[in-house]
Amino acid sequence: MGDRLTQLQDAVDQLAQQFVASIHYINRHHSLETLGPGDQVRESNKEPEQNEVDPHPADVFKAAQVELAQDLITKEQQIEYLISILPGLDNSEQDQERNIKELEEELKVAEAQRQEAVKERKEIMGRLDTVIRSIRRP
Amino acid sequence: MADDDDAQNQISSTFPPPPPFWKDFTPDNVARIKDLKQEQVERDAADHDPASIRLAGLPHNLRFLQPPLPPDAGAWRVFGNHYTLNQTLPKLDGSGIQKLFPEPEERDQDGKHFDRATILKRLAKSLLLNFLELTGILSINPAEAEAKITDIRDLFLNFHHLINEYRPHQARESLISMMQSQLDRTRAETNAIRDVKEKVERLLEGLGSLKMDHESLGGATEGGKRREDLDGELEALLADEFP
């Protein structure tokens, strides 16, 4: 899982793949129709896998179509959601630079405070140490 | 002779050996350049960082210890590849792809990026619509689908272009959030240390008052028994503070 921008990019690529997959499915599994009363669907004696078209039953085909269409819509909605949560849409470059500078200053202050606290801790540890050492059992 | 061998190795081995000047990085030389820089700082009487100073006229064996200046032209070569300081995103115009969004100058007023989000959403919807049209065309006359496929391709490329344009912005945004979390972490650590310190101080105060009692009582003749009581009290206090 990458950052949001990469997620968005991946989602768009997946949408493209879904386009191809949908067309491929329809192309491969549609039913065969006659154009006039005199025509008839020629029987093929090859294995189903080898035929150019491998018709699925009408209800299965319909259900698959619906599913593919729903998946496309879902993916598109995912993309829109990802767009709307892209980080920093309401920050301009100047805002960001100011923000970074402020944070840098605050970090310096906080780091100094931390160092000070560490020093204080060492002192107090030393004091505690002497006190503990000075306690003698009777 | 040794130089010839080095040159020979450099040509024949798959992975080139490190540049020959690595031999100059001896502890002595490193210490010397540090001293020289320190001297230079003192001579200038300016308070800049010794690390950033540049020395002129270094002796031969120290010359490589000073990193080279950044390239003036903003371009350099590493392992036969060219690199530039400013990596520009290739423009869509030149690559024969129809551009489907306005120039950066015309959108995103006040530097905000709401327009970009709107354009992206519009492109996403266009993609779906174009796909619907494509399936329609394919079902009627597949030979005419070519133009529609080009449209969809252009939409995708435009989409990617807009995404990649946004990357520097996102990088800065990530930096901000990382700095923020580091700040929070540092502050939390400071507070935790302070808390412990206060606890220990309270404990020491408690001990101090105990000790005073102890001394005042210790002088009394029946101190022996009392002492044990006090030590027990001390232990209880310690256990209380440091469970």
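Residues numbered from 1 in each chain as written. Chains lettered and ligands numbered in written order. Predicted model: local features only at pLDDT ≥ 70, side-chain atom pairs only at ≥ 80, totals over all residues. Heavy atoms only, no water.

- Looking at an unreviewed UniProt entry, one finds chain B named Mediator of RNA polymerase II transcription subunit 7, with Neoarthrinium moseri as its source organism.
- Taken from UniProt, the Subcellular location (unreviewed entry) comment for chain B reads in full: "Nucleus". (UniProt positions renumbered as here; feature names shortened; annotations may be inferred.)

- Looking up chain A in an unreviewed UniProt entry gives the name Mediator of RNA polymerase II transcription subunit 21, with the organism given as Neoarthrinium moseri.
- Turning to chain A, the UniProt record has this under Sequence similarities (unreviewed entry): "Belongs to the Mediator complex subunit 21 family."
- Quoted straight from UniProt, the Subcellular location (unreviewed entry) entry for chain A says "Nucleus".

1. Here's the deal with the pattern of salt bridges
Now for step 1: Under the defined criterion, the tally for this structure stands at 15 salt bridges over all chains.
Now for step 2: Glutamate 120 of chain A is the partner of arginine 194 of chain B in a salt bridge, and the nearest nitrogen-oxygen pair spans 3.7 Å. Pair noted here: arginine 194 of chain B is in helix 4 (residues 145-218) and glutamate 120 of chain A is in helix 3 (residues 93-134), and the two residues belong to different chains.
Now for step 3: Between lysine 197 of chain B and glutamate 120 of chain A there is a salt bridge whose closest N-O contact spans 2.9 Å. (Salt bridge = Lys/Arg side-chain N within 4 Å of Asp/Glu carboxyl O. Helix = DSSP H or I, 4+ residues; strand = E, 2+ residues; numbered from the N terminus.)

2. Structural notes on the packing of aromatic side chains
Now for step 1: Under the defined criterion, the tally for this structure stands at 3 aromatic pairs over all chains.
Now for step 2: Here phenylalanine 19 of chain A and phenylalanine 156 of chain B contribute two aromatic rings whose centre-to-centre distance is 6.0 Å and whose plane-to-plane angle is 55 degrees, an arrangement assigned as tilted. Of this pair, phenylalanine 19 of chain A sits in helix 1 (residues 4-29) while phenylalanine 156 of chain B sits in helix 4, which puts the two residues in different chains.
Now for step 3: Assessed through its relative accessible area of 5%, phenylalanine 19 of chain A is described here as buried.
Now for step 4: Under the relative-accessibility criterion, phenylalanine 156 of chain B is labelled buried at 11%. (Phe/Tyr/Trp six-rings, centres within 6.5 Å; stacked < 30°, edge-to-face > 60°. Buried < 20%, exposed > 50% of the residue type's maximum accessible area, 1.4 Å probe, protein only.)

3. Brief notes about the nonpolar core
Now for step 1: Within the largest apolar cluster, 30 residues are counted, with the highest numbers of intra-cluster contacts made by Leu8, Phe19 and Ile79 of chain A together with Leu127 and Phe159 of chain B.
Now for step 2: Of all elements in the fold, only helix 1 and helix 2 (58-84) of chain A together with helix 3 (114-140) and helix 4 of chain B reach the threshold of two or more residues within this core.
Now for step 3: A per-element tally of this core places helix 3 of chain B first, with 9 residues.
Now for step 4: Discounting residues that sit within four places of it in the chain, isoleucine 79 of chain A has contacts with Leu8, Ala11, Val12 and Leu15 of chain A together with Ala124 and Phe159 of chain B.
Now for step 5: Among the nonpolar cores identified, the runner-up in size contains 7 residues, and Leu103 and Ala110 of chain A together with Ile176 and Met179 of chain B belong to it. (Core = buried A, V, L, I, M, F, W, Y, C linked by side-chain atoms within 4.5 Å. Contact = heavy atoms within 4.5 Å.)

4. Details of the interface of chain B and chain A
Now for step 1: At the junction of the two partners, chain B supplies 51 residues and chain A supplies 54 residues.
Now for step 2: In total, about 5000 Å² of surface goes out of reach between chain B and chain A, with carbon and sulfur atoms giving 70% of it.
Now for step 3: Arginine 187 of chain B is the salt-bridge partner of glutamate 106 of chain A, the closest N and O atoms lying 3.4 Å from each other.
Now for step 4: At the junction of chain B and chain A, the tally comes to 15 residue pairs in polar contact (both at pLDDT 80 or more).
Now for step 5: Breaking the side of chain B that touches chain A down by element, the ones donating at least two residues are helix 3, helix 4 and helix 5 (223-241) of chain B.
Now for step 6: Ranked by residue count, the leading element in the side of chain B that touches chain A is helix 4 of chain B, at 31 residues.
Now for step 7: Residues belonging to the side of chain B that touches chain A are distributed by class as follows: 24 nonpolar, 11 polar and 16 charged. (Buried area = accessible area lost by both parts, 1.4 Å probe. Polar contact = N/O pair within 3.5 Å; in protein donor to acceptor, adjacent residues only side chain to side chain. Nonpolar A, V, L, I, M, F, W, Y, C, P; charged D, E, K, R; others polar.)

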